[in-house]
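A structural walkthrough
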Amino acid sequence: MGLVDLFRPKHRHSDVQVRAEAVRSLTADDIAVLTQVARTDKDVAIRKMALSKLEEPEVLAELAKRESDDDLATFAGQRAAKLWMHKACSGRPGDAEADQAVAGILGVGEQTAIAELASRATDANVRRRAAEALTEPRALAELVKKSHDHELRDAALAKISDQEILRGFATDSTQKDVGLAALARITDVDALESIAHRSKIKAVRQRAQSRLDEVTAEAKSKSKSAADDANKRRLAEKAQLLRDLESVADGFDFAATEAMVAKTSAGWQAVSGASSGGAAPSKAEQKIDKAFADLVAKVQRRRQVAEQKADENRRQLEEKARASERAAAAEVARAAADAAKAEAQAGKRSGQDRDRQDDDDVVLVELKPDPVAEARRKEAQARREEREAKRL
C-alpha cells in the first residue's frame, strides 16, 4: 500500500482486493461511484461487479458503448436490455416511457434481447421494428420459435441461411409451413437426407425426398461426360424454377401466383430452348417437366375454382340486389295506389261536405231573411206599381 492510498477512497485503492471489497459493499443507490468504477477501473472483474450492481439502464447502455472488453460490453448491454424489457414489452402506442425503452434496447443492439422484444411486445409496430433489427441466425431462430405472429416468423425464417438451424426447423418443427419454408432454403444433401427420414411432418419428409431425388439426379449427371454439362445446368435451373413456383403454389394471393407462373414459365421455356443438339431430355428432366406442368395446372385450377366461387358470390349478390329493387318498386307502387285511393276518398268526402254546407246556407237564408234585400224588394215593387198607375 502506497502513501497515496491513505488519502484515497477504498474503491480507488491500488490493491485489487481492497477495491473489490469496497465495490461489494456498495449498493444500487451508489450510482456515481459504481459508474466511475465501471468506467475507469483497470480490472475487468471489478468493472463487471460494478455493472452488476447498477440498475439504471441508460447508464449501463452508455457504459456498454464505451467498454473495450467485448464480453463486458455484451454483459452491460444485456443487463440494460433486461431492465428495459418489461416496460418495452407492455407499453401501448404513444407511451413515451415504453418508446424510450424500445429505443434503448434497439440502440444497445443485443440480439437475444431484440428477439425477445420482437416476440413479446404487445405493440405490433414494436414487434416489427425489433424483427427488422435482427441479423444473427440464432436470434432469428429464437423469434421463429417463440413468435405467434406468422408474418414476422416467416420473415425471420427467410433471413436465416445457416444450414444446421434450418435443418433443425425442418426436422423438429410441428408446424407444416415452418418445416416446408425451412426445407426450401436447405441445399446440403446430408441435411436433405436426414430430413427425409427424421422430419416429424409427412409433407416435409416427402418434399425432402423429392428434393433429394432432384439433387441425387443432379449429382449423378455431374459424373457424366463434359457433353452433358449443359443438360445438368438446365435440370438444376428447372429445379430452382420448380421450387420458386412451389413456394407460392398453395397461397391465396392469386395475382402474385400468376406473376410467378408467368415468370417461371418464361424461364422454363428459355431453359428448355437452350438444349443443344436436339437431344431427347433425360428421365430426370422429363420427371421435372411433368412436375412443373402438373404444378402449373394445379395453380390454374385453384384460380379457376376461386374465380368461379367469386362469380357465384357476385351473381348471388346481384340477384339479391335485383330482388331488393323489385321489392322496393312494388312497395312504391303499393304506396302510390294507397295514396291515390286515399286522395279519391278524401275528394269524395270533401264534395259531400260542400253539398251539405250549401243546403245549410239555403235553410239559413230562408229562416233568416236579409233586411236590406227585403227593403230593396219593396222599393222595386213600389216603382212597378207607380209605372202601372201612370199608364192607366
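Rules used in this analysis
- Residues numbered from 1 in each chain as written.
- Predicted model: local features only at pLDDT ≥ 70, side-chain atom pairs only at ≥ 80, totals over all residues.
- Heavy atoms only, no water.
- Helix = DSSP H or I, 4+ residues; strand = E, 2+ residues; numbered from the N terminus.
- Buried < 20%, exposed > 50% of the residue type's maximum accessible area, 1.4 Å probe, protein only.
- Contact = heavy atoms within 4.5 Å.
- Areas by Shrake-Rupley, 256 points an atom, 1.4 Å probe, with all protein chains shown as cover.
- Core = buried A, V, L, I, M, F, W, Y, C linked by side-chain atoms within 4.5 Å.
- Arc of directions from axis to C-beta.
- Patch = residues over 30% accessible without salt bridge, like charges linked within 9 Å, V, L, I, M, F, W, Y side chains within 5 Å.
- Salt bridge = Lys/Arg side-chain N within 4 Å of Asp/Glu carboxyl O.
- Lys, Arg positive; Asp, Glu negative; His and termini not counted.
- Charge placed at Lys NZ, Arg CZ, Asp CG, Glu CD.
- Phe/Tyr/Trp six-rings, centres within 6.5 Å; stacked < 30°, edge-to-face > 60°.
- pLDDT = per-residue confidence, 0-100.
- Axes fitted to C-alpha atoms, helices over the stretch in contact; angles between N-to-C directions.
- Left-handed = near helix turned anticlockwise from the far one by under 90°.
- Nonpolar A, V, L, I, M, F, W, Y, C, P; charged D, E, K, R; others polar.
- Parallel < 35°, antiparallel > 145°, perpendicular 65-115°, else oblique.
- Polar contact = N/O pair within 3.5 Å; in protein donor to acceptor, adjacent residues only side chain to side chain.

Details of the overall build of the protein
A count of helices and strands for the protein gives 18 helices and zero strands. Burial statistics for the protein: of 392 residues in total, 30% are counted as buried. Sequence separation of 24 or more characterises 54% of the internal contacts of the protein that already satisfy a separation of 6 or more. Total accessible area on the protein is roughly 24900 Å²; 52% of this is exposed by carbon and sulfur atoms.

A word on the side chain of Arg19
Along the polypeptide, Arg19 turns up in helix α1 (residues 16–24). Not counting the four nearest positions on each side in its chain, Arg19 is found in contact with Lys10, His11, Arg12, His13, Ser14, Asp41, Asp43 and Ile46.

Quick look at the nonpolar core
One finds Leu51, Ile105, Leu117, Leu157, Ile160 and Phe169 to be the most contacted residues of the largest nonpolar core, which totals 63 residues. At eight residues, helix α5 (residues 70–90) tops the list of elements feeding residues into this core. Residues in contact with Phe169, not counting those within four places in the same chain, are Ala141, Val144, Lys145, Leu157, Ile160, Val178, Gly179 and Ala182. Counting residues in hydrophobic clusters, the runner-up holds 15 residues, among them Leu235, Leu242, Phe292 and Val299.

Thoughts on helix α4 (residues 57–66)
Within α4 the residues assigned to the buried category are Pro57, Leu60, Ala61, Leu63 and Ala64. Buried positions in α4, seen along its axis, are confined to an arc of 165° and lie on one side of it. Facing away from the buried side of α4, by more than 90 degrees, are the exposed residues Lys65 and Arg66. For α4, the secondary structure elements touched by its buried residues are α2 (31–40), α3 (44–53), α5 and α6 (96–108).

Let's talk about a negative patch on the surface
A contiguous patch of negative charge, built from Asp29, Glu55, Glu56 and Glu58, is present on the exposed surface. Tracing the backbone shows Glu55 in the loop between α3 and α4. According to the relative accessible area criterion, Glu55 is partly exposed, its value standing at 49%.

Considering the packing of aromatic side chains
Think of a pair of aromatic rings as described by two things: how far the centres are apart, and how the planes are tilted against each other in angle. Under the counting rule described, the total for this entry stands at two aromatic pairs. Arranged with centres 6.4 Å apart and planes meeting at 85°, the rings of Phe252 and Phe254 form a pair that is edge-to-face. The exposure class assigned to Phe252 is exposed, which follows from its relative accessible area of 69%. Arranged with centres 4.0 Å apart and planes meeting at 10°, the rings of Trp268 and Phe292 form a pair that is stacked. Remark: Phe292 occurs in helix α17 (residues 283–367) and Trp268 occurs in helix α16 (residues 254–272); sequence separation between them is 24 residues.

Some thoughts on the confidence of the model for the protein
When pLDDT drops low, the exact placement of atoms in the prediction is not to be read closely. Taken residue by residue, the protein gives an average pLDDT of 85. The fraction at 70 or more is 90%. Counting interchain partners and residues more than four positions distant, the pLDDT-below-50 stretch residues 362–367 has zero contacts.

Quick notes on the pattern of salt bridges
This structure, assessed with the given rule, holds 30 salt bridges. A salt bridge links Lys87 to Glu97, with the nearest nitrogen and oxygen atoms 3.5 Å apart. Of this pair, Lys87 sits in helix α5 while Glu97 sits in helix α6; the two residues are 10 residues apart in sequence, bridging distant segments of the chain. Residue Glu97 is classed as exposed on the basis of its relative accessible area, which comes to 51%. A salt bridge links Glu307 to Arg303, with the shortest nitrogen-to-oxygen separation between them at 3.0 Å. Taken together, the residues Glu307 and Arg303, both in helix α17 and four residues apart, mark about one turn of the helix. Here Arg303 falls in the partly exposed class, since its relative accessible area comes to 27%. Overlapping salt bridges bring together Arg234, Lys238, Glu285 and Asp289 as one network.

Remarks on the packing of α2 against α3
Contact geometry of α2 with α3 gives a least axis separation of 8 Å together with a crossing angle of 145°. As α2 packs across α3, the resulting crossing turns out to be left-handed. Residues Leu34, Val37 and Ala38 of α2 form the contact with α3, whose own contacting residues are Ile46, Arg47, Ala50, Leu51 and Lys53. Classifying every residue of the contact of α2 with α3 by side-chain character gives six nonpolar, no polar and two charged.

Focus on the packing of helix α11 (residues 163–172) against helix α13 (residues 189–198)
Contact pair α11 / α13: the axes reach a minimum separation of 9 Å and the direction vectors enclose 15°. Classified by the angle their axes make, α11 and α13 are roughly parallel. The chirality of how α11 crosses α13 is right-handed. For the pair α11 and α13, contact is made by Arg167, Ala170 and Thr171 and by Asp190, Ala191, Ser194, Ile195 and Arg198, respectively. When grouped by side-chain class, the residues that make up the contact of α11 with α13 number three nonpolar, two polar and three charged.

Section: the side chain of Arg47
Its place among the elements puts Arg47 in helix α3. There is a polar contact of 2.8 Å between the side chain of Arg47 and the backbone oxygen of Asp41.

Some details on the environment of Glu214
Mapped onto the elements, Glu214 comes out in helix α14 (residues 202–222). Residues Glu214 and Ala284, spaced 70 residues apart in sequence, show a C-alpha to C-alpha distance of 7.7 Å. Non-local contacts of Glu214, meaning those with residues more than four positions away in its chain, are made with Ala239, Leu242 and Arg243.

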